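Summary of the model geometry
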Amino acid sequence: MQKLTTQRQAILDVINLSDKHWDADEVATALKERNNPIGIATVYRGLAALAELGLIESIQLADKKRYERASKDHHDHLVCQVCGMIEEFCKTEIERLQEIVAREHGFEIQDHQLLLFGICKSCKTGEK
Ligand SMILES: [Zn+2]
Ligand SMILES: [Zn+2]
């Protein structure tokens, strides 16, 4: 594997820190807090490159991409359009149905993302 630049390694380290779904601004802030500030344009390019290499996962939201560590088990996402909360789920039946749909179309799935957009429980009930 090609060696990562120091900057890309630093970005990867931040993503791997937690289970969060990071956007570029949050990664830049975390880098600054770790006394390793990297310009936002470089962070954007680094995130795209790391996702391309399969070292992190990207999620395409309506307005931007978010990234998470690639070492998690497969899962899909619930996205709250009020507060931005992202929750993970994995439903065996859904995974299985996708395989059936693909087979019916003579299609071979290589990857998939399922995003459900809506309003989370606490935004709906006003409870936090
Ligand atoms: Zn919410
Ligand atoms: Zn996730």
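You'll find the structure just up there.
Everything numeric here is computed off the predicted structure, so don't read it as measured data. Within each chain, residue numbers correspond to sequence positions counted from 1 in written order. Each chain is given a letter, starting from A, and each ligand a number, starting from 1, according to the order in which they appear as written. Side-chain atom pairs in this predicted model are given and counted only at pLDDT of 80 or more, local residue features only at pLDDT of at least 70, and totals for whole chains, interfaces and linings cover all residues. With hydrogens and water excluded, all non-hydrogen atoms of the structure serve as input to the side-chain values.

1. Side note on the sheet that holds strand β4 (residues 86-89)
Pairing between strands is defined by DSSP: at least two bridges between them are needed. Working definition: helices are DSSP H or I runs of at least four residues, strands are E runs of at least two. Numbering for both runs from the N terminus. Strand order in the open sheet made by the 3 strands is β4-β3-β5, with mixed pairing throughout. Two strands in the sheet have a free side with no partner beyond their single neighbour: β4 and β5 (115-118). Pairs of neighbouring strands in the sheet enclose a mean axial angle of 20°, with direction left out of account. Inter-axis angles, ranging from 0 to 180 degrees, are taken between N-to-C directions of lines fitted to C-alpha atoms, where helices are fitted over the stretch in contact.

2. Remarks on the coordination of the zinc ion (ligand 1)
Ideal geometry at a metal gives 109.5 degrees between four tetrahedral donors and either 90 or 180 degrees between six octahedral ones. The protein atoms donating to the zinc ion (ligand 1) are Cys80 (SG), Cys83 (SG), Cys120 (SG) and Cys123 (SG), with metal-donor distances spanning 2.3 Å. Coordination geometry of the zinc ion (ligand 1): the 4 donor atoms subtend angles of 106 to 115° at the metal centre, consistent with an arrangement described as tetrahedral. Counted as donors are N, O and S atoms no farther than 2.8 Å from the metal, or 3.2 Å for Na, K and Ca; water is not among the atoms, and sites may therefore look incomplete. Between consecutive donor residues of the zinc ion (ligand 1), the sequence gaps follow C-x2-C-x36-C-x2-C. Per-residue accessibility, obtained with a 1.4 Å probe over protein chains only, is compared with the maximum for each type, and a residue is labelled buried under 20%, exposed over 50%, and partly exposed between these values. For Cys80, a relative accessible area of 3% translates into the label buried. Its relative accessible area of 40% is what places Cys83 among the partly exposed residues. Only four donors with every angle between 85 and 135 degrees are called tetrahedral; only four or six donors with opposite donors over 155 degrees apart and all others between 65 and 115 are called square planar or octahedral, in that order; all others are irregular.

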